[in-house]
Amino acid sequence: MAQSYRRVVIISGASRGLGAALANQLLAPNDLLISLARKPNPSLDEAALALGAAHHFIQSDLSNTAGIQQAQTQLAKLLPNNAQAYWLINNAGTVDPVALCSKLSDPVAISHSLNLNLSAVMCLCATFLQQLASLDADKRILNISSGAGRRPVAGWAVYGASKAALDYYTQTLAAEDHNVRCAALAPGVIDTSMQAHIRQQSRDDFPGLSRFIDLHQNQQLVSAEDTAHQIIKYLESREFGHHVIDDIRHYS
């Protein structure tokens, strides 16, 4: 007889930053965690073993179509059909390429970003919806968006465009009524490696650099662990999905 779970959680980009913090906090003995990333996260495996929690890792590069298809195939095989609740957290993303519009001339870099920030989300959501369509269970999809998709930021044309498209996609998903709650959530400014990468950019490519340096120097970045805790409370609440375009800072 197949093991039954209270909740199945799928998280992309779970090897570091916010994704790793979410994955660690969502490990539980009666739940199944399915994590996706380019690289393994040994500490997550150790934490799962210590808790007696079920964890499956899908190693895949979601910035290219072959990696997305591989992840879809493996996810479809791993999803059980006897859980009470299913969560898909599309967290994987990249801010690159960072450049003014006049310098955005590398189609490969742009394609990789759009694949990771948008195409992978659409495809993983489709797999999630198809595999669970017949199940009478609580199903929730959280797409990690950004304030950059809701207002223009010089140097972030690709990143902002992908997040604006992600917001639109999530609204469309909600409008289609797949018997799933969903939201596109801006998580705020978090102290992660992405933020460190942003601070290393050239002012010529990213005119808003000073703001992010100041946020770091003034200790105004929120830890990944604290943000993950807020997001999990948000996901668990009855209100989740009432606002399809949302911001975690509305709940702090």
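Counting from 1, residues in each chain are numbered in the order their sequence is written. Whole-chain, interface and lining totals are the exception, using all residues; otherwise, since this is a predicted model, local features are given only for residues with pLDDT of at least 70 and side-chain atom pairs are given and counted only at 80 or more. Remark: hydrogens and water are excluded; side-chain values derive from all non-hydrogen atoms of the structure.

1. A closer look at the overall build of the chain
In step 1: A tally of helices and strands in the chain yields eight helices and nine strands.
In step 2: For 252 residues, the compact-globule estimate of 2.2 N^0.38 gives 18 Å, and the C-alpha radius of gyration of the chain, at 18 Å, lies within 12% of that figure.
In step 3: Any residue under 20% of the maximum accessible area for its type is buried, any over 50% is exposed, and the rest in between are partly exposed; the area is computed with a 1.4 Å probe on protein chains only. Within the chain, the proportion of its 252 residues that are buried is 50%.
In step 4: A separation threshold of at least 6 residues defines the contact pool for the chain, and within that pool the share at least 24 residues apart is 67%.
In step 5: Carbon and sulfur atoms make up 50% of the accessible area of the chain, which amounts to about 12100 Å² in all.
In step 6: The averaged location of the 21 negative side-chain charges in the chain is 1 Å from the averaged location of its 19 positive side-chain charges. Secondary structure follows DSSP: runs of H or I at least 4 residues long count as helices, runs of E at least 2 residues long count as strands, and numbering of each begins at the N terminus. Here the globule rule reads 2.2 Å times residues to the power 0.38, and the radius of gyration is calculated from C-alpha atoms. Note on contacts: a residue pair is in contact if any heavy atoms of the two residues lie within 4.5 Å. Where accessible areas are quoted, they stem from the Shrake-Rupley method and a 1.4 Å probe; at the residue level, only the protein chains shown are allowed to cover. Positive charges come from Lys and Arg alone, negative charges from Asp and Glu alone, with His and the N- and C-terminal ends not counted. Here the site of a charge means atom NZ of a Lys, CZ of an Arg, CG of an Asp or CD of a Glu.

2. Examining the sheet that holds strand β1 (residues 7–12)
In step 1: A pair of strands counts as paired when DSSP detects no fewer than two bridges linking them. With respect to topology, seven strands assemble into an open sheet ordered β3-β2-β1-β4-β5-β6-β9, the strand pairing being parallel. Single-partner strands in this sheet number two, and they are β3 (54–59) and β9 (245–247). Averaged over all neighbouring strand pairs, the angle between strand axes comes to 20 degrees, with direction disregarded.
In step 2: Here the axes come from fitting lines to C-alpha atoms, over the contacting stretch only for helices, and the angles between their N-to-C directions go from 0 to 180 degrees. Here helix α1 (residues 17–26) sits on the sheet and contacts β1, β2 (31–37) and β4 (85–90); the angle it forms with β1, its principal contact strand, is near 165 degrees.
In step 3: Against the sheet, helix α3 (residues 65–78) touches β1, β2 and β3, its axis set at about 160 degrees to β3.

3. As for unusual backbone geometry
Negative phi values dominate among residues other than glycine, just as trans dominates among peptide bonds.
In step 1: Here D96 and P97 are connected by a cis peptide whose omega angle stands at -5 degrees.
In step 2: Counting through the fold element by element, P97 comes out in the loop between β4 and α4 (107–132).
In step 3: Within the chain, D177 stands out as a residue other than glycine whose phi angle is a positive 55 degrees.
In step 4: Relative to the helices and strands, D177 is located in the loop between α5 (157–175) and β6 (181–186).
In step 5: For D177, a relative accessible area of 64% translates into the label exposed.

4. Looking at the nonpolar core
In step 1: Residues belong to a common nonpolar core when they are buried Ala, Val, Leu, Ile, Met, Phe, Trp, Tyr or Cys residues joined through side-chain atoms within 4.5 Å. Counting 34 residues, the largest nonpolar core has V8, I10, Y86, F128 and I141 as its most contacted members.
In step 2: Among the elements of the structure, β1, β2, β3, α3, β4, α4 and α5 are those that each provide at least two residues to this core.
In step 3: By residue number, the principal contributor to this core is α4, which donates nine residues.
In step 4: Setting aside residues no more than four positions away along its own chain, I10 makes contact with I34, L36, L75, L79, W87, L88, I89 and F128.
In step 5: The next biggest cluster of nonpolar side chains, apart from the first, holds 28 residues, and it includes I11, I144, A224 and Y234.

5. Regarding the pairing of β3
In step 1: In this structure, β2 lies alongside β3, joined through six bridges in parallel fashion. Residue pairing across strands places L33 opposite H55, the latter belonging to β3.

6. Re the environment of V95
In step 1: Positionally, V95 belongs in the loop between β4 and α4.
In step 2: V95 gets classed as buried once you look at its relative accessible area, which sits at 2%.
In step 3: With 64 residues separating them along the chain, V95 and Y159 place their C-alpha atoms 5.3 Å apart.
In step 4: Once you skip the residues sitting within four places of it in the chain, V95 turns out to touch W156, Y159, M194, H197 and I198.

7. Quick word on the packing of α3 against α4
For any two helices packed against each other, the geometry comes down to the angle between their axes and how far apart the axes lie.
In step 1: For the pair α3 and α4, interaxial distance at closest approach is 10 Å and the crossing angle is 25 degrees. With respect to α4, the element α3 is oriented roughly parallel. In this structure, the crossing between α3 and α4 has a hand that is right-handed. Between α3 and α4, the contacting residues are T65, I68, A71, Q72, L75 and A76 on the first element and N115, S119, A120, C123, L124, T127 and Q131 on the second.
In step 2: For this scheme, ten residues count as nonpolar: Ala, Val, Leu, Ile, Met, Phe, Trp, Tyr, Cys and Pro. Four count as charged, namely Asp, Glu, Lys and Arg, and the remainder, Gly too, count as polar. Taken together, the residues of the contact of α3 with α4 break down into seven nonpolar, six polar and no charged. For classification purposes, angles smaller than 35 degrees are called roughly parallel, those larger than 145 roughly antiparallel, those between 65 and 115 roughly perpendicular, and all remaining angles oblique. By definition, any crossing whose near helix is turned counterclockwise from its far helix by less than a right angle is left-handed, and any crossing with a clockwise turn is right-handed.

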